[in-house]
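Coordinate inspection notes
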Amino acid sequence: MRLPIILINYKVYDNSFGNKAIELAKKIEKISREYSVEIILAVPATMIYRISQEVNLPIYAQHVDPVPLGAHTGAIPPELVKDAGAKGTLINHSEKRIRADEIDDILKRIRNLGLESVLCVDRYELVFPFGLLKPNAILIEPPELIGTGISVSKAKPEVITKAVDEIKKAKGVYLIAGAGISTGEDVFKAIELGAQGIGVASAVMKAKEPEKVVEDFVINALKAMGKF
Ligand code: G3P
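Described below are features of the structure shown in this document. Note that the coordinates shown come from a computational prediction; the quantities given were computed from them, not determined experimentally.

Looking at the ligand, the residues that line it are Asn9, Lys11, His93, Glu141, Ile146, Gly147, Ala179, Gly180, Val200, Ala201 and Ser202. Ala201 has a polar backbone atom sitting 2.8 Å from an oxygen atom of the ligand. When the ligand sits alone it has 310 Å² of accessible area, and the protein chains cover 100% of it. When its residues are assigned to classes, the shell around the ligand shows four nonpolar, five polar and two charged.

Now the structure itself:
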C-alpha cells in the first residue's frame, strides 16, 4: 500500500458492473498514472476478474465470506477472490458485517494468501482492538454518514482524531477515513486530521464526471501530504 491511500468502493451502483465499470476503472487508472498515486478499487465479486485484466490498479473484493473451502453454496471465500485477480479485500464493511471471531480468522487466512486487507470499523473505540489483529489498514466510517454527502471530516472530525490516536497504539496499521466524503476539501481535511487516506463511494459512483471528482480528490490528498 502506498500513501496517500485512495480507496474507491464501487458498491453495487448501476455503473459498478459491466462495461461501465470497466470504462470507469480505465479513467481512474489514467489519473493514477498521471499523478503517480495508487488508487484501490473495491469492486463487486463478479467484476474482479474482468477489471483486474483491464487495468493496472489494485483491485479489492468488497467482502469475503469467512467459511472454509468446501460445501458452502454461494460463498466467496478469500481463495476465490485471489484466484480472480484481487490484490486485497475489504472486511466487515458496515453494509456487510461479520463477527469479531470471524474477522480474526479471516485476517489470518488473508495474510497467508498474500492478500491485503482493509478492515472497516464504525467507531474509534474499535480501532485499537481491531488494529491488534493486524490488517494492512483500518477504514473508519460512522455508518450514519455513509452515502449522505455529509463528510466525516466536517461533521465528525473528532472521530478521525480519536481514531488517529488509537491507531498509533496498534503500530504498523494504516488509518483511512470515510463516509460522506464529497469534496476535495473533505479529503484534505481528513488527511490534515491525521488519516493516511480516504474511502469513498457515492461521490464518485454517482457523479456525472467521476474522473473529475477522482482527480480533485487525488490532488487534495497529495496536497494534504505535502506531495503536490
Ligand atoms: O467504503 C466507503 C463507503 O462506505 C463510503 O460511502 O457513499 O459515503 O462515500 P460514501
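Attention now moves to the pairing of strand S4 (residues 88-91). Judged by which residues are buried, S4 turns out to be covered on both faces: Gly88 and Leu90 on one side and Thr89 and Ile91 on the other are all buried. Two elements, strand S3 (residues 59-61) and S4, share two bridges in a ladder whose sense is parallel. In the strand pairing of S4, Ala61 is matched with Thr89. Chirality of the crossover, the property in question, places the unit of S3, helix H3 (residues 78-84) and S4 among those that are right-handed. Bridge analysis of S4 against strand S5 (residues 116-121) gives four bridges, and the strand direction is parallel. Across the sheet, residue Thr89 finds its bridge partner in S5, namely Ser117. Remark: the S4/helix H4 (residues 100-112)/S5 crossover connection has right-handed handedness.

Counted by the stated rule, this structure contains one cavity of 30 Å³ or more. Its volume calculated, the largest cavity comes out at about 130 Å³. Taken together, 16 residues line the largest cavity, and the ones lying closest to its centre are Lys11, Glu141, Gly199, Val200 and Ala201. In terms of residue class, the lining of the largest cavity is built from eight nonpolar, six polar and two charged.

Attention now goes to the packing of aromatic side chains. Across all of its chains, the model carries one aromatic pair by this definition. The positively charged end of Lys169 is found above the aromatic ring belonging to Phe128, 5.3 Å away from the centroid.

This part covers the layout of surface pockets. The space that makes up the largest pocket amounts to roughly 350 Å³. Along the wall of the largest pocket there are 18 residues; nearest its centre are Val12, Pro44, Gln62, His63 and Lys96.

Under the criterion given, the structure shown has 14 salt bridges. Close ionic contact of Lys87 with Glu116 constitutes a salt bridge, the shortest N to O distance being 3.5 Å. Of this pair, Lys87 sits in the loop between H3 and S4 while Glu116 sits in strand S5; the two residues are 29 residues apart in sequence, bridging distant segments of the chain. A residue is classified by how much of its surface remains accessible, and Lys87, at 36% relative accessible area, is partly exposed. Using a relative accessible area of 12% as the deciding quantity, one classes Glu116 as buried.

Adjacent strands of a sheet pair through backbone hydrogen bonds, lying either parallel or antiparallel. Strand order in the closed barrel formed by eight strands is S1-S2-S3-S4-S5-S6-S7-S8, and the pairing between neighbours is parallel. The average undirected angle you get between the axes of adjacent strands in this sheet is 25 degrees. Bridging between strand S1 (residues 5-9) and strand S2 (residues 39-43) involves four bridges; their strand directions are parallel. Counted as the bridge partner of Asn9 is Ala42 from S2. The strands that helix H7 (residues 157-170) touches are strand S6 (137-140) and strand S7 (174-178); relative to S7, the one it contacts most, it runs at about 165 degrees.

The rules we used
Residues numbered from 1 in each chain as written. Predicted model: local features only at pLDDT ≥ 70, side-chain atom pairs only at ≥ 80, totals over all residues. Heavy atoms only, no water. Near = heavy atom within 4 Å. Polar contact = N/O pair within 3.5 Å; in protein donor to acceptor, adjacent residues only side chain to side chain. Areas by Shrake-Rupley, 256 points an atom, 1.4 Å probe, with all protein chains shown as cover. Nonpolar A, V, L, I, M, F, W, Y, C, P; charged D, E, K, R; others polar. Buried < 20%, exposed > 50% of the residue type's maximum accessible area, 1.4 Å probe, protein only. Helix = DSSP H or I, 4+ residues; strand = E, 2+ residues; numbered from the N terminus. Pairing = 2+ DSSP bridges. Right-handed = clockwise from strand over helix to strand, strands pointing away. 1 Å grid on protein atoms, 1.4 Å probe; cavity = no way out; pocket = protein on both sides within 12 Å on 5 of 7 lines; lining within 4 Å. Points joined across faces, edges and corners; volume = space filled by probe spheres on them. Phe/Tyr/Trp six-rings, centres within 6.5 Å; stacked < 30°, edge-to-face > 60°. Lys NZ or Arg CZ within 6 Å of the ring centre and 35° of its normal. Salt bridge = Lys/Arg side-chain N within 4 Å of Asp/Glu carboxyl O. Axes fitted to C-alpha atoms, helices over the stretch in contact; angles between N-to-C directions. Contact = heavy atoms within 4.5 Å.

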